[in-house]
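Structural description and commentary
So you can see what is in the structure, the chains are spelled out below.
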Amino acid sequence: MDTFIQQLVNGVTLGSVYAIVALGYTMVYGIIQLINFAHGDVVMIGAMVAYSVIAVLVGAHVSLPPLAIVVIATLFAIPVCMAVGYALERVAYRPLRNAPRLAPLITAIGLSIVLENIALIIWGRAPLPYPQIIETVTYRLTSHPDGATITNVQVAIIGISIVMMAGLLVLIYRTKIGVAMRATAQNAQVAGLMGIDVNRVISITFIIGSGLAAVAGVMDGSYYGVAHYQMGFILGLKAFTAAVLGGIGNLGGAMLGGLLLGVIESLGAGYVGEFTNLCHLSGWSHALALRCVSDPHLALFGSNYQDVFAFVVLILVLVFRPSGLLGERVSDRA
Amino acid sequence: MHAFFDTRGRPALVWAGLALVAAALIALPWVLAGIGTAWVRITNLAVLYCFLALGLNIVVGFAGLLDLGYIAFYGVGAYVYALLASPQFGIHLPFWVILPLGALLACIFGMLLGAPTLKLRGDYLAIVTLGFGEIVRIFLNNLSTPFNLTNGPQGITLIDPFRLDGFSFAGTQHVFGQALTSPIKYYYFLVIVLLLVIVVNVRLQNSRIGRAWEAIREDEVAARAMGINTRNMKLLAYAMGASFGGIAGGMFSAMQGFISPESFVLVESIMVLSMVVLGGMGNVFGVVVGALMLSYIPEVLRYTVGPAQMAVFGRTLIDPEVFRMLLFGLALVLMMLFRPAGIVPSALRKRELEQVPADVG
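Residue numbering note: each chain is counted from 1, following its sequence as written. To read the labels, note that chains go from A and ligands from 1, taken in the order they are written. With the structure being a predicted model, the display of local features is reserved for residues of pLDDT at least 70 and the display and counting of side-chain atom pairs for 80 or more, all residues being used for whole-chain, interface and lining totals.

On to the overall build of chain A. Within chain A, the secondary structure is distributed over 12 helices and 4 strands. Along the three orthogonal principal directions, the C-alpha set of chain A runs to about 75 × 55 × 40 Å. Burial is judged by counting the other C-beta atoms within 10 Å of a residue's own C-beta: 20 or more makes it buried, 12 or fewer makes it exposed, and any count in between marks it as partly exposed, with every C-beta position built from the backbone. Split into buried and exposed, the 334 residues of chain A put 49% on the buried side. In chain A, the proportion of contacts linking residues at least 24 apart, taken out of those at least 6 apart, comes to 75%. Each helix corresponds to a stretch of at least 4 residues labelled H or I by DSSP, and each strand to a stretch of at least 2 residues labelled E; elements are numbered beginning at the N terminus. For the purpose of contact definition, each residue receives a C-beta atom placed from its backbone, and two residues are in contact when these atoms lie within 7 Å.

Bringing the overall build of chain B into the picture now. When its secondary structure is counted, chain B shows 14 helices and 6 strands. Dimensions of chain B, computed from the C-alpha atoms along their principal axes, are close to 65 × 60 × 55 Å. Taking the intrachain contacts of chain B between residues at least 6 apart in sequence as the baseline, contacts between residues at least 24 apart amount to 73%.

Turning next to the interface of chain B and chain A. Counting from both sides, the interface comprises 42 residues of chain B and, opposite them, 45 residues of chain A. Only α5 (95-117), α6 (122-142), α9 (220-225), α11 (266-279), α13 (320-338) and α14 (347-354) of chain B provide two or more residues apiece to the side of chain B that touches chain A. Per-element tally for the side of chain B that touches chain A: the top contributor is α6(B), with 12 residues. Grouping the amino acids of the side of chain B that touches chain A by side-chain chemistry returns 29 nonpolar, 7 polar and 6 charged. In this count, Pro and Cys sit with the nonpolar residues alongside Ala, Val, Leu, Ile, Met, Phe, Trp and Tyr, while Asp, Glu, Lys and Arg are called charged and the others, Gly among them, polar.

Right, let's get into unusual backbone geometry. We note that Q33(A) has phi near 50 degrees; this positive angle belongs to a residue other than glycine. By the secondary structure assignment, Q33(A) is in the loop between α1 (2-32) and α2 (39-59). Accessibility expressed as a C-beta count within 10 Å gives 18 for Q33(A), which makes it partly exposed. Its identity as a non-glycine residue notwithstanding, N151(B) has a phi of 65 degrees, on the positive side.

What follows concerns the packing of helix α3 (residues 37-62) of chain B against helix α10 (residues 230-256) of chain B. Residue and element names in this part refer to chain B. Between α3 and α10, the shortest axis-to-axis distance is 8 Å and the interhelical angle comes to 170 degrees. The angle between α3 and α10 falls in the class roughly antiparallel. Touching N44, L48, F51, L52, L54, G55, L56, I58, V59 and F62 of α3 are A237, Y238, M240, G241, F244, G245, A248, M251, F252 and M255, all from α10. Across the contact of α3 with α10, the residue classes break down as 16 nonpolar, 4 polar and no charged. Convention adopted: a line fitted to C-alpha atoms gives each axis, helices being fitted over their contacting stretch, and angles between N-to-C directions are expressed from 0 to 180 degrees. An angle counts as roughly parallel when it lies under 35 degrees, as roughly antiparallel when it exceeds 145, as roughly perpendicular when it falls between 65 and 115, and as oblique in every other case.

All names here are of chain A. For the pair helix α3 (residues 66-93) and helix α8 (residues 198-224), interaxial distance at closest approach is 7 Å and the crossing angle is 140 degrees. The pairing of α3 with α8 is recorded here as oblique in orientation. Note that α3 runs across α8; the crossing there is right-handed. Only I202, S203, F206, I207, G209, S210, G211, A213, A214, V215, G217 and V218 of α8 make contact with α3, whose side of the interface consists of A73, T74, A77, I78, C81, M82, V84, G85, Y86, L88, E89 and R90. Taken together, the residues of the contact of α3 with α8 break down into 15 nonpolar, 7 polar and 2 charged. For any helix crossing, the convention is left-handed if the near helix is rotated counterclockwise from the far helix by under a right angle, and right-handed if that rotation is clockwise.

With that settled, the discussion passes to the confidence of the model for chain B. All names here are of chain B. Known as pLDDT, the predictor's confidence for each residue is given on a scale from 0 to 100. With 90% of its residues at a pLDDT of at least 70, chain B reaches an overall mean of 82. Mean pLDDT in chain B bottoms out at helix α1 (residues 2-5), which sits at 53, and peaks at helix α4 (residues 71-84), which reaches 91. Interface confidence in the predicted complex, given as ipTM, is 0.81; pTM for the same model is 0.83.

A separate point is α10(B). All names here are of chain B. With 27 residues, α10 should reach 39 Å at 1.5 Å per residue; the first-to-last C-alpha distance of 39 Å fits that figure. Burial analysis of α10 places 23 of its 27 residues in the buried class, which makes it a mostly covered element. Backbone geometry just after α10 places G257 at a positive phi near 75 degrees. By this rule, a helix spans an expected 1.5 Å times one less than how many residues it contains.

This part covers the nonpolar core. Among buried residues, those of type Ala, Val, Leu, Ile, Met, Phe, Trp, Tyr and Cys that are joined through C-beta atoms within 7 Å form a set called a nonpolar core. Of all hydrophobic cores here, the largest spans 213 residues; its most connected members are A53(B) and V272(B). Among the elements that line this core, the one with the most residues is α1(A), at 16 residues.

We now examine the environment of W284(A). Mapped onto the elements, W284(A) comes out in the loop between α10 (251-275) and α11 (286-294). Separated by 22 residues in sequence, W284(A) and G262(A) place their C-alpha atoms 36 Å apart.

Per-residue confidence for chain A averages 86 on the pLDDT scale, and 97% of its residues sit at or above 70. Confidence drops under a pLDDT of 50 for residues 329-334 of chain A, and excluding neighbours within four residues, the segment shows 17 contacts in the predicted structure.

For the rest of this paragraph, the subject is the environment of A38(A). All names here are of chain A. Looking at where A38 falls in the secondary structure, it is placed in the loop between α1 and α2. With 29 C-beta atoms packed within 10 Å, A38 lands in the buried category. A C-alpha to C-alpha distance of 8.9 Å links A38 and G85, two positions 47 residues apart in sequence. Ignoring sequence-local partners within four residues, the contact set of A38 consists of L88, A108, L111, S112 and L115.

What follows deals with the environment of I72(A). All names here are of chain A. Along the chain, I72 falls in helix α3. By the C-beta count within 10 Å, which is 16 here, I72 ends up partly exposed. Once the C-alpha coordinates of I72 and I54 are considered, the two residues, 18 residues apart in sequence, prove to be 8.3 Å apart. Residue contacts for I72: discarding those within four places in its chain leaves V53 and L57.

On to α13(B), then. Taking 1.5 Å per residue, 19 residues should reach 27 Å; α13(B) reaches 26 Å between its end C-alpha atoms and fits that length. Residues of α13(B) that are buried: P320(B), F323(B), R324(B), M325(B), L327(B), F328(B), G329(B), A331(B), L332(B), V333(B), M335(B) and M336(B). Looking at the packing, one finds that the buried side of α13(B) touches α3 and α4 (102-123) of chain A together with α11 and α12 (284-313) of chain B.

Written out as structure tokens, the structure is:
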């Protein structure tokens with residue numbers, strides 16, 4: 001039971017990060033039906049910029065509380081990511097808005113490579129150890145001495161995610177620009193006729209998504225303790241999976257999908273070894289029984305397959321419910 | 001392009017041209033070997049990339065389905081060859097048995113992946129194939145426990161070279177006083193296969209199937225209304241592309257003698273895609289040009305970028321490898337922005353990519 005709760009806590013933490021990144025995918029997709037492949041790399045840029053700011057501030061022995069340093073770093077990363085997101089849209093996606101679908105998709109892949117390699121030039125190939133300046137405090141969740149725990153970092157990640165999601169919902173459903181975004185998503189042409197500056201709305205969508213991505217990057221870096229120039233790729237893929245799971249183009253769906261995916265992945269990684277333990281089959285094979293004597297945890301698949309779960313989920317969703325949990329039907333032609 | 005093969009007009013001229021090309025292809029490795037054996041190896045890899053790019057071109061160029069995990073099929077073919085012709089399991093089958101097996105398995109993988117996803121929009125397909133490529137790589141990396149199938153990240157070594165009736169493609173023989181080295185032998189084999197593949201591709205494009213693919217790419221609904229079984233046709237494109245990848249993988253395995261999951265990463269998929277896009281999606285010759293360009297340019301860069309930086313800045317600021325990837329990324333973006341149909345555009349593709357649809361979405 002303790003393992004279960006622990007995996008659940010880890011899953012929800014991971015899921016919060018996925019959800020925030022997934023929101024960026026889903027907002028852009030909702031408005032211009034483009035999978036912004038480079039979004040994961042915007043997250044990476046956010047993590048890297050924040051890393052540099054933290055490193056500089058810590059190196060300069062600024063007498064600020066650790067929390068303030070992280071907040072400053074994040075506030076620095078957000079505008080950088082927003083600028084990157086805006087530039088991507090302005091330079092590479094806008095000229096192709098009326099092109100066949102394959103063209104912007106290929107451009108997006110190209111941009112993703114460009115961003116990754118720029119990061120590689122700036123920050124190097126080696127994974128950067130994220131400075132653990134905030135002291136980790138562990139809270140026990142159950143009475144068991146080795147039982148499930150939650151750290152202050154996890155609490156912060158989950159809390160900030162909830163606040164950001166709530167803020168986004170308010171922005172989309174309660175403000176004028178939110179109305180404009182929803183109108184553009186429904187029908188860009190008619191929205192334009194109604195006096196909405198469609199280009200501006202699309203730019204703002206990219207900017208908001210990239211701002212969220214920056215925060216997600218800092219959260220991911222602080223949680224795992226490393227940042228790497230390729231971290232955006234797999235994170236982006238998973239966040240996209242989360243967006244599809246929830247129903248792409250649907251904000252609530254992205255949040256739900258992110259959380260679900262995090263939990264599925266965590267529980268999957270935690271239990272796959274147990275489920276595929278080959279020692280239950282010892283009766284069938286003498287060789288197996290011999291190996292199980294030395295290694296009772298002999299399993300067909302271990303937690304090193306964690307990254308596979310997201311893709312399996314993605315494929316299953318696309319087969320059985322392509323519209324996602326909360327979305328509308330999207331399986332029309334490319 | 002078909003006219004290129006149409007020798008009815010001026011047969012003598014065309015045959016003379018073909019003879020010239022053939023002579024050049026035969027002489028090429030000896031010239032390159034004069035510069036350095038490394039260049040023959042590089043050429044062999046370039047030919048292999050042509051092969052891969054042509055396979056991907058069937059999927060992306062002909063049928064218009066974006067596949068970002070294409071290298072997985074290459075990996076499947078390579079590992080099939082490696083497992084059936086190496087000391088890993090002590091199995092040593094001849095290559096003409098394994099290559100079709102690899103193609104078949106890659107084809108089955110392609111269909112397994114394609115069947116559930118082909119009814120979806122193109123961009124979903126792109127993501128699923130991307131994920132599939134990653135899954136294959138993760139499995140190759142981890143299938144060393146509990147039973148050692150792939151030897152994990154260490155990869156498989158001592159893979160058999162091609163052998164034909166006692167004639168081995170490894171090692172050096174002397175013919176007419178000239179050293180016939182292993183890369184040169186593979187070169188001739190690869191070029192013959194490549195020419196065959198090019199002919200197959202050109203014929204395929206103008207066949208009933210090729211036209212069906214084209215119709216699907218242009219307008220799937222209309223194609224279905226015209227009686228084309230779109231699902232089967234898309235699946236066929238997928239399976240064919242995958243089997244090309246499988247064969248190329250087998251040849252790669254034999255040529256290198258060593259493979260590891262490192263050779264089948266996403267970057268490779270992107271590189272093959274760049275070749276197709278750069279050369280001209282849907283144009284067989286364009287794709288070959290793209291593949292050759294992107295195979296040789298990095299090698300040239302390797303010899304120029306590093307020294308040039310040393311000369312100007314006194315140290316290496318940008319690793320040639322990074323520079324290469326940066327160029328690939330920029331090439332993808334710039335090509336789509338300024339010349340979406342590629343360097344050697346296919347006529348139809350050009351029309352499609354340059355038109356502005358009426359419904360702005």
